[in-house]
Amino acid sequence: MTLLFPDNGANAARIHALVIGIGAYPHLLNGSKSKTAPAKDSFGLKQLASPPVSARAISDWLVEDLNNPGAELGSVDLLIAEDGAPIRYVNPKKGINKEIEIPDKATLTKAIKAWKKRTDRNSKNVALFYFCGHGVASAGELALLTSDFANPAEDHGLANAIDFGALLKGAEWGEAENQVFFIDACRNEISQLLEQPKLGDDWILPWNKKPPPGATRRQAVYYAAARHQRAHGLPNMPSRFTEALLCGLKGAGGSNPGKGWVVDTITLHASVCATLRLGNRRQKTPSQECQAGTLAWIELNRPKEPFVVPVAIVSDPMNRMNTLELIVTPPGMAALPPSAYVPDVWLLQLKQDDQPHVLELRECGSMTRLVSQFLKVTPTHHDISIKVP
Amino acid sequence: MPLVFVHGLNLRKDEGKKDAKGRTPYEQTVEQRNASMEENILKPLGITSPIINPYWGDCAATFHWGGHGGLPGTKYESFGHEQGLDSSLLLPAAMIAESQVLEDEQLDKPVLRQLGERSFPASIDFLMMAANDVISPIDPLDPRELARLAGALGAYAEHHQGNPPDWIANIESEAQFIDQLEISLQSSRHEAPSSEGEWESFGGPLENAWAALRESAKRIGDAAQEMKRSKFRSLFRDPLHMRFARFLGDAFIYLKRRDKEGDAEPILKKVLAALDAADAANTQAPVKEPLVLIGHSMGSNILYDCITYFRPNLHVDLFLTVGSQVAVFEELKLFAASDTSIPNDKVPRVPKPANVVHWLNVFDHSDILGFAAEKVFEGAKDLEFDTGNQLLGAHGAYFSSVNFYNRLSRRIPELHVSFRPGP
């Protein structure tokens, strides 16, 4: 185990994070061992280049930006599987440069147990679990595949996975009252795997059928994809879900009940869903809808202002859009260059501000304003239609 | 309306299990075949109009004892548990039985590997035929996606004609065959572009066509396992018997009714209506697209009757007969236009119908119901073709075969079929 962030604060209430990004699956298609020790069946699962980037982006946010006065950052354990070795996490801003471990089944099992031990120290701790990699659903249960999935040398290579339902139950038996799970993985069934009696280890964290002892555990569970659906990412970029998640955590998923902006699990979910839906409008982007499991209220972050909020703008009628130009003028600033036009919608990230932005539509190449309107940019998102005369 | 496809014997629209979209196997087959024909026949000809598929199975033979009256059945009790094959395994099981791979004392070798070592293109055809039967419960398969992948697989298979890829010797499971195929296609750039660009999916494969191939390979493996355990020949006797009965029934019924009712015969009425519609659409168009008629098996006999006797003035640019008995029917002088004086010293063969510009006749030597035409018809061009199947399997295999479409897509442009000016 290599903690990116020192496990300081001893027994005070802290956020303890376990962050996993698995892109390299050596036994699967095109994996480093796919010639010498290929899976008996890869089920069509390929190498991924987005999860390592996504996991690093989440770790960056945790060590650089997380601001939770009730539970400061306690520890971050990052595990990444990607091509090449050794695998390192480097963050010059925080002066971190550490070799990190590969989440094969054995290593990840140890890391999960160690994470639980850290979170058990104080009931006010927040246990944060993030996974990005291959996921497979079977009979409604989700298995998260570890990097050594389908190792042909093992009799039970298909068991190199985590039974996520069992992990949630095991976590309920832990001491931390606040538990947050971000699962950036597919939830679709693979027909060839449906007949497997069991996918994934269901006993990493012990649990039984009785109610867990002590106070109620608050769990907030986010899935990047709805049931039976897939999660997506572009290679070497944060995934769609992680991008939306970070946008929400940094402020777009916040509310301001009077004492400043707060991102909690409820508002965060609305923001992530909205950001993904806006992104679904982009051409050649696979559609994706996130879904929450249990969604208890837990405060996560007090974002630094100003943060950005996703904004989608269309003209009414829409068929005018390809001849129009959108000019945005933030409050107290010069106009921004014309926004990149994505067919059928302008997708922007504008800074949140109490003063309104000015949105202006012109004919392409003309200085004559056709129409303008004000927009006060606030969380969680804006979906605007501007009527063109 | 440029392409009319007339199906063959023994086809019933309402039989079989529906898929998630509610389509019957017949509807799925038509959709898949249309996609392949658009890609491999219409595109090379520059034709943009849709394909018309007259269905005549509902007018064909009816069995008054349900077709079982003449089947021998079994008079023996089974001592012990006797379990029939799961319906999803019937097609791969029948194909395995006909390929005889389980009789080569190589019971532990994957079926696709054994086939591939014999003939790599045949193993690809085998896989694609089983894939066409796959119903995906969650993501119904887009037939165009499968047709695109089939095209890429066909090119790769052709490259390995007579020289199977090296990786085949290390294959230990049907699934590994698909894995290696996928890796090879990617690296050799034969693969059709993915419909979703560069996006990664954090779970199952993005492309449903590959998922269908995987499911197909799994069924092949499951069927082989099942057959190793059972006396598999008995699994097929009754279904094959029934198929033969229907073959005979459909042909007899058509001939009997045609002689009595002429163009009011129900099957003829449907096919003639389709031809008239195609002709009418073309007549009004500013530029006439080539008219292509494709008949499979009995469908080719029906089409031959139509264009020689009932619609002798219909201009046909390409007449494609596949797995056809046209030559046998003519030898028996069963067609409405058959001339019993031919052959004679002056006319040793029946001339190609005057209204037909090109006639290609495709048959497989293994297809016991597919016959050559050149020896009987002057102007018909025979194309021999190996589906890799045997006996009855070959007869139904043409339109699921990657190599069939590959060869057609190369052959058709050589004919120089042209567009004609409209009215």
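Each chain has its residues counted from 1, running along the sequence as written. Chain letters and ligand numbers both follow the written order, the letters beginning at A and the numbers at 1. Note on the predicted model: pLDDT of at least 70 is required for a residue's local features to be given, and 80 or more for side-chain atom pairs to be given and counted; whole-chain, interface and lining totals, by contrast, use all residues. Just so you know, side-chain values use all the structure's heavy atoms and leave hydrogens and water out.

On to the pairing of strand β10 (residues 178-184) of chain A. Residues and elements named next belong to chain A. The buried fraction of β10 is high, at seven of seven residues. Side chains of β10 alternate between two faces, with N178, V180, F182 and D184 and Q179, F181 and I183 buried alike. Two strands pair under a simple rule: DSSP has to find at least two bridges between them. A run of H or I in DSSP counts as a helix once it spans at least four residues, and a run of E counts as a strand once it spans at least two, with each numbered from the N terminus. Two strands pair when backbone bridges link them, and strand β6 (residues 126-132) and β10 are joined in this way by seven bridges, in the parallel orientation. Residue pairing in the sheet places L128 in a bridge with V180 of β10. Here six bridges tie β10 to strand β11 (residues 218-223), and the two strands are oriented parallel to one another. Bridging from a neighbouring strand, I183 pairs with Y223 of β11. Each residue is placed in one exposure class: buried if its accessible area under a 1.4 Å probe, protein chains only, is under 20% of its type's maximum, exposed if it is over 50%, and partly exposed if it falls in between.

We call two residues in contact whenever any of their non-hydrogen atoms come within 4.5 Å of each other. With 26 residues of chain B at the contact, the number on the chain A side is 42 residues. The buried area of a pairing is the accessible area, by a 1.4 Å probe, that goes missing from both parts when the two are put together, added over both. Overall, the association of chain B and chain A removes approximately 2700 Å² of surface from exposure, summing both partners, and the carbon and sulfur fraction of that is 52%. Counting the surface chain B buries against chain A, the share from its top three residues, W199, E200 and F202 of chain B, is 34%. For salt bridges, the criterion is a side-chain nitrogen of Lys or Arg within 4 Å of an Asp or Glu carboxyl oxygen. Connecting chain B to chain A are two salt bridges. Residues K46 of chain A and E182 of chain B are paired through a salt bridge, measuring 3.0 Å at the closest nitrogen-oxygen approach. Polar contact is the term for a pair of N or O atoms within 3.5 Å; when the atoms are in protein, one must be able to donate a hydrogen and the other to accept it, and sequence-neighboring residues count only if both atoms are side-chain atoms. At the boundary of chain B and chain A, one finds 11 residue pairs in polar contact (both at pLDDT 80 or more). Listing elements by their share of the side of chain B that touches chain A, those giving two or more residues are α6 (174-188), β3 (200-201) and α7 (208-229) of chain B. If one sorts the elements of the side of chain B that touches chain A by residue count, α6 of chain B sits on top with seven residues. Nonpolar residues are Ala, Val, Leu, Ile, Met, Phe, Trp, Tyr, Cys and Pro. Charged residues are Asp, Glu, Lys and Arg, and all others, Gly as well, are polar. A breakdown of the residues in the side of chain B that touches chain A according to their chemical character gives eight nonpolar, eight polar and 10 charged. Strand direction decides the pairing type here: strand β12 (residues 232-233) of chain A and β3 of chain B, joined by two bridges, are antiparallel. Opposite G233 of chain A, over in β3 of chain B, you have E200 of chain B as the bridge partner.

All names here are of chain A. Angles run from 0 to 180 degrees between N-to-C directions of axes, and those axes are lines fitted to C-alpha atoms, restricted for helices to the stretch in contact. Put simply, helix α4 (residues 240-252) and helix α5 (residues 265-279) touch, their axes get as near as 9 Å, and they point 130° apart. Taken together, α4 and α5 sit at an angle that is classed as oblique. When the axes of α4 and α5 are compared, the crossing they make is right-handed. In contact with R240, F241, A244, L245, G248, L249 and A252 of α4, α5 contributes L268, S271, V272, T275, L276 and G279. For the contact of α4 with α5, the residue count by class is eight nonpolar, four polar and one charged. Relative orientations are named as follows: roughly parallel for angles under 35 degrees, roughly antiparallel for angles over 145 degrees, roughly perpendicular for angles from 65 to 115 degrees, and oblique for any other angle. We call a crossing left-handed when the near helix sits turned anticlockwise from the far one by less than a right angle, and right-handed when that turn is clockwise.

This part is about the confidence of the model for chain B. Residue and element names in this part refer to chain B. Per-residue confidence from the predictor is reported as pLDDT, a score between 0 and 100. Per-residue confidence for chain B gives a mean pLDDT of 79; residues scoring 70 or more make up 78%. Segment residues 73-83: pLDDT under 50, and one contact once partners within four positions in sequence are set aside and those in other chains are kept. At the level of chain-chain contacts, confidence expressed as ipTM amounts to 0.76, with global pTM at 0.72.

It is worth spelling out the pattern of salt bridges at this point. Here the structure, examined in full by the defined rule, presents 26 salt bridges over all chains. When the shortest N-O distance is used, the salt bridge between K124 of chain A and E177 of chain A registers 3.3 Å. Pair noted here: K124 of chain A is in the loop between α2 (105-119) and β6 and E177 of chain A is in the loop between α3 (164-172) and β10, with a separation of 53 residues, a long-range link. The partner of E117 of chain B in a salt bridge is R113 of chain B, and the shortest N-O contact between them spans 3.1 Å. Linking E117 of chain B with R113 of chain B, this pair stays in helix α3 (residues 111-118), spanning four residues, or about one helical turn. Residue R113 of chain B is classed as buried on the basis of its relative accessible area of 15%.

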